Amino acid sequence: MKRVVFCFLLAVGFPNSLQAQTFTIADIIVDGYQRISPGIIYNLLPVGIGDEVDGTTSAQIIRELSQSEYFDEIEVAREGNILVVTVLERPSVAEIVIEGNSVLETEDILDNMAQADIAEGQIFTRAALELIRQGIQEVYSGRGRYGAAVEIEVEDLPRNRVAISLEIDEGEESRIRHINIVGNSAFEEEDLLGLFELGTKPWFMFFSRKDRYSREQFTGDLERLESYYLDNGYVEFTIESTPISITPDRAEVYITINVDEGNLYTVDEVDLAGDLVDAEALLRAAIFVRPGQIYSQALVTGTEEIMVQFLGNLGYAFAEATGVPEVDDEDETVGVTFFIEPGNRTYVNRINFAGNLSTADDVLRREMRQLESAPASNLQIEQSKVRLERLGYFESVEVETEEVAGTQDQIDVNYDVLEQNFGAISFQIGTGSRGNFFLSSSLQAANFLGTGRTVGVGVNRSRFQKGLNFSYTDPYYTADGVSRGFNLFAQEIDSPWNVSSFNTTSYGGSFSFSYPLSEIMVLGFDLGFTHTELSAGFGSVQEIEASPILFDGIDSYMISPPNLNVFDGPVMDSVLGNVADLRDDQLQRSGDLGFVDKFGDSFDNVTISGSWFRNTLNRGQLANDGSLHSLGIEITLPGSDLEYARINYSNQMYWPIYGSREWVVALRTNLGFGFGYGDNGQMPFFSNFFAGGLIQGGGQLRGYEENSLGPRSTAGARYLTQNGLTLQRGEDGQILRDESGNAVGLNNDAGYETTVLTDAAGVPQLDANGNPEIALAVQNFYLDDDYDNFGGNILAVASLELLFPVPFLDDTSRIRSAFFIDAGNVFSSHCTDRQRLQQGCSNFDVGELRYAVGVSVTYLSPFGPLTFYIAAPFGGENDDTKTFDFTVGQGF
């Protein structure tokens, strides 16, 4: 409480009353100040040395000093001709302590207090503190916490200071018990309440906050209600009142909305007015409102926006289009006139970029479709923004235009970008079937040193791959967007996990060019050479190399076991034969030859490829609108060792739900077909398509092991040794024996035993070549009873997703979550008889598709996209499945 004291001192030379006498101020003395400098006080005084003091001066001094709110007490006195002003300063705020708050951030409360001049180091004003108490309670009430209370304590501290303590009891959120709309007749209350974000909560929505009252949400609901009536012809609709009742315990809220619907109005006539800038036909084409329609404010607003956009594309950047309804209450009609104010035609003065800390300015500028010094076009400005987003270099791109100072027809276009990590370390870590661990990595800079060029270096060394790869692409080899690139590689690859065993050693390179056909379409060409050496390895599957086959070094066989004991029958030596003379049926070999048997194991191929892209995605990574279509054809030129072709089509399509890019339906498809021509008749197996798992650039089908779907191979076979031995003979033809008298075999892994076919007299029968006719006693054993995937020449994979915002995150630009259902498989049009019988290999068959449902999350990490998923596969039996997996360097 402020106390102002008037002191009329009776001293030597001082009259009985200050008001009773006038005098001229010879000096001014200020006393009692501590923190406030005397200079500030002197400046506040309405009088100075040499001024006359009369009966009203003291009141004037006190009033001026009081208005500064620096002082609690002010005394004005006179000592002779000296004016004495004594003050008692208000205390300063030494400390502010806030406790009990969780809904409101402490920093927000302190900022609001500072705006009321209550902050540490400031002068303490009790009245302002009371206003802060009321303001905090008002904010809590607006958030549905009517029971919130604020207790304020002020503690006096030494040196004329105070400490302020705010103890906040936020209370519980008041729940909406009922919302009642009164006065509606055109629409059912249930339909109107369906427009609201607020309302009573259904019993099954456990985590919903629909019934938590919020003033901001309630205001938004009222605006939606009003818009709904205006969009359905009720031009004079008004909300008369919205009384809110609170239960005594402040736990529940009852809301009543009183409305006056008015009458239903239809459109009478539609016209244009103002300066149409020779674009009347174009502007009339933009009118959505038609005579005879039920009046809709949404159609009027949409027409205004389209007209402004059309005028903006013509260079009128500050054009305005306003639809003015003229209501005829008697006929219950509305006439709508659109007034056009184009303003001056504007030109672009400068295009500026901000935020590109690493990316060179010309990389952004070459994507511009809006040019400097040209008429400003909203379409070209927006198109330039989309092209920047599609680069994939930026997390966000914002654009704004501002008028050039001192002009009426020039604007600057300012693009503000936020760069993201465009250097990606792509690697996969995980386990394949039977616990096989794998690691694959590569490094790619999509915006190398900010030049816009792509440089990739792949160094792979793992259990199944060794390789070096270098690639380079310049997307603007020419100024009009023709790109050029090349790729060099050398690698040695053992078959990946879950793929039939083989090894390839290859090297080669390629040159590529692409040509823009339009803003959204690109045509590409590639010419390459590859040298490949194929090694089937030990125990190769029969589709690669027919089996059973002999072990290396086996070139003879024993026709009959020897009998040197006369008591066991006639004495007989072993007879050796040449393995090369045996027929396939005698060796129990299948008639189906393997790939190596047909085409050898070393190939030089020259390939030419063509590709077509159509891209309308709204951004390069984690797109949520638009589509991407890609068609590629690869063919080896005639004269190559392997003559074949591959065709692949893939797409991505996104459809935002209700115009929102938070909830999006996404569809991805990957289709492939390969075939041989000329003497080959089939595509080489090491170029087959595969499906299952997170296969980068292939048949991604979550819920299954990598490469595990589709046709499988037939395990390789070897001969099983029984009791016989292929015996060694000396130069004299006699059977060699060891120290124990046992016969010495040529190879204990001879693998088979034969018996000579004889006639009734026991004389061996001979074939046409003079060799003994034999009956084999052969048994085969299979080296691997787990049939690995062999891939196929037909690929069909698709994924349908519902993208949804990640709960509890405000910024979802770098993270995506989705519910998904994947479907697909790999098929073969060249299944062998063995594959059909043993593994169910088939041509394309809808009944053989595999499916998986689940949820996935993709995050743009500094290393590239990081993807996790949980899936439940179904649709087949005996498949290699997995319910969880992750990958770094690729996303869905």
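Heads up: the structure comes first, above all this text.
Residues numbered from 1 in each chain as written. Predicted model: local features only at pLDDT ≥ 70, side-chain atom pairs only at ≥ 80, totals over all residues. Heavy atoms only, no water.

K.L.:
What is the right way to look at the sheet that holds strand S19 (residues 410–419) in this model?
P.N.:
Sheet strands associate in pairs through backbone hydrogen bonding, adopting either a parallel or an antiparallel arrangement. Taken in spatial order, the three strands make up an open sheet running S17-S19-S18, and their pairing is mixed. Strands with a single pairing partner mark the edges of an open sheet, and in this sheet they are strand S17 (347–354) and strand S18 (394–403). Looking at each pair of strands side by side, their axes are set apart by 15° on average, direction ignored. Seen against the sheet, helix H10 (residues 378–390) touches S18 and S19 and runs at an angle of roughly 160° to S18. (Pairing = 2+ DSSP bridges. Helix = DSSP H or I, 4+ residues; strand = E, 2+ residues; numbered from the N terminus. Axes fitted to C-alpha atoms, helices over the stretch in contact; angles between N-to-C directions. Contact = heavy atoms within 4.5 Å.)

K.L.:
I'm lost on the pattern of salt bridges in this one. Help?
P.N.:
A side chain with one charge can pair with a side chain of the opposite charge if their charged atoms come near. Per the stated rule, a full pass over the model turns up 28 salt bridges. Glu372 is the partner of Arg350 in a salt bridge, and the nearest nitrogen-oxygen pair spans 3.6 Å. Separated by 22 residues along the polypeptide, Arg350 in strand S17 and Glu372 in the loop between helix H9 (361–365) and H10 bring together distant segments of the chain. Arg350 gets classed as partly exposed once you look at its relative accessible area, which sits at 39%. One network of salt bridges, in which partners are shared, links Glu173, Arg175, Asp211 and Arg212. (Salt bridge = Lys/Arg side-chain N within 4 Å of Asp/Glu carboxyl O. Buried < 20%, exposed > 50% of the residue type's maximum accessible area, 1.4 Å probe, protein only.)

K.L.:
I keep staring at the nonpolar core and nothing clicks. Help me out?
P.N.:
Here is a general trend for soluble globular proteins: nonpolar side chains tend to be buried in one another's company. Of all hydrophobic cores here, the largest spans 23 residues; its most connected members are Met307 and Phe338. In terms of residues, this core owes the most to one element, strand S16 (residues 333–341), which gives four residues. Every residue in contact with Phe338, bar those within four places of it in the chain, is listed here: Val270, Asp271, Leu272, Ala273, Ile287, Val289, Val300, Thr303, Glu304, Met307, Thr322 and Gly323. Judged by nonpolar contacts, the second largest core, of 22 residues, contains Tyr704, Leu709, Val826 and Ala852. (Core = buried A, V, L, I, M, F, W, Y, C linked by side-chain atoms within 4.5 Å.)

K.L.:
Can you walk me through the state of the cysteines in this structure?
P.N.:
Counted by the stated rule, this structure contains one disulfide. Sulfur-sulfur distance for the disulfide between Cys831 and Cys841 comes to 1.9 Å. Taking the sign of the torsion about the S-S bond as the criterion, the disulfide between Cys831 and Cys841, at about -65°, is left-handed. With Cys831 in the loop between strand S40 (815–827) and helix H12 (833–839) and Cys841 in the loop between H12 and strand S41 (850–861), the pair connects residues that are ten residues apart, well separated along the chain. The buried category is assigned to Cys831, whose relative accessible area is 8%. (Disulfide = S-S within 2.5 Å.)

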